[in-house]
Each structure stands twice: as C-alpha cells, then as structure tokens.
Amino acid sequence: MSIYVGNLSYEVTPEDLSAAFAQYGSVKRVQLPTDRETGRVRGFAFVEMDTDAEETTAIDALDGAEWMGRNMKVNKAKPREDRGSSDGRRGSSNGGYSRRY
C-alpha cells in the first residue's frame, strides 16, 4: 500500500515528510513529484511505510491536519490509471489492428 498526501506546501521536502510520518512508524520511501518544466514541487506526495497498520495509523492521524500552513489530505493511494497513448488517441476503430497492404 502507498499513502497519497495532498494539499502540501510548495516548500516541503522529502525530509520534512519523512519526519512527519516517522512519528507513526518506519518510513520506507517518500516520493515528491516535481513539475518537469519548472522543477517546482507539485503539491502532493506518496509515502510508503513498513506495514499496513503503520500506514493506517498515519492516515487516521494526519488526514485534515494542519501542517506547514495547509490542511493535508491523506488517504490510501489509488492505482495509477492508464491514460492511453501519449499522442492523445485512445484506440482505433479497427480494434487496434493495423492494415497492411
């Protein structure tokens, strides 16, 4: 399981998140996505902890809590959705098969 942490300050660091979640158990990994163009933190993160019980405790304690001037949104991360191909097409009318002549 992974924890989604949203509504974060743009000043947050992975070390800040690790310290906040370490109060509830052992933090295995912190992923803090940044914008490709600006390099700025995007305002959300993913945190993984050693056990599901630790993650549940952290979610219960931190969801809605004020931290760094913002109210965090903390819940179980949902699986990433498949957004289709990068060129914007979501399939073809021929069932995905290409014609060869």
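Before reading on, note that the structure itself is shown above.
Cut-off values and rules
- Residues numbered from 1 in each chain as written.
- Predicted model: local features only at pLDDT ≥ 70, side-chain atom pairs only at ≥ 80, totals over all residues.
- Heavy atoms only, no water.
- Helix = DSSP H or I, 4+ residues; strand = E, 2+ residues; numbered from the N terminus.
- Buried < 20%, exposed > 50% of the residue type's maximum accessible area, 1.4 Å probe, protein only.
- Areas by Shrake-Rupley, 256 points an atom, 1.4 Å probe, with all protein chains shown as cover.
- Phe/Tyr/Trp six-rings, centres within 6.5 Å; stacked < 30°, edge-to-face > 60°.
- Lys NZ or Arg CZ within 6 Å of the ring centre and 35° of its normal.
- Core = buried A, V, L, I, M, F, W, Y, C linked by side-chain atoms within 4.5 Å.
- Arc of directions from axis to C-beta.
- Contact = heavy atoms within 4.5 Å.
- Salt bridge = Lys/Arg side-chain N within 4 Å of Asp/Glu carboxyl O.

Glancing now at the overall build of the protein. Each helix and strand in the protein was counted, giving 2 helices and 6 strands. When the helices and strands of the protein are listed from N to C terminus, the series reads β-α-β-β-α-β-β-β. Here the protein, with 101 residues, has 25% of them falling under the buried criterion. Split by element, the accessible area of the protein, about 7500 Å² in all, is 43% carbon and sulfur.

This part takes up the packing of aromatic side chains. Inspection of the entire model under this criterion finds 3 aromatic pairs. Three or more aromatic residues joined by ring pairs form one cluster here, namely Y4, F44 and F46. Here the guanidinium or amino end of R40 rests over the ring plane of Y10, the centre of that ring lying 3.9 Å away.

Residues I3, V5, L8, L17, F21, L32 and V74 are the most contacted members of the largest nonpolar core, which totals 17 residues. Among the elements of the structure, β1 (3-6), α1 (14-22), β3 (45-49) and α2 (52-62) are those that each provide at least two residues to this core.

Here the focus is α2. Looking at α2, one finds that the buried residues are E55, A58, I59 and L62. Along the long axis of α2, the arc covered by the buried residues comes to 100 degrees, so they all point the same way. With respect to the buried face of α2, the exposed residues turned more than 90 degrees away are A53 and D60. Structurally, α2 contributes buried residues whose contacts are with β1, α1, β3 and β6 (73-76). Directly beyond the C-terminal end of α2, a positive phi value near 85 degrees is found at G64.

Applying the stated criterion across every chain yields a total of 1 salt bridge. Here R29 makes a salt bridge to E48, at a shortest N to O gap of 3.6 Å. Placement of the pair is R29 in strand β2 (residues 27-31) and E48 in strand β3, with a sequence separation of 19 residues.

Position of A20 relative to the elements: it lies in helix α1. With a relative accessible area of 8%, A20 lands in the buried category. Discounting chain neighbours no more than four positions away, the residues touching A20 are L62 and W67.

Below, the discussion takes up the environment of A22. Here A22 shows up in helix α1. Among the residues examined, A22 registers a relative accessible area of 43% and is labelled partly exposed. Sequence separation of A22 and M49 is 27 residues, and the distance between their C-alpha atoms is 8.7 Å.

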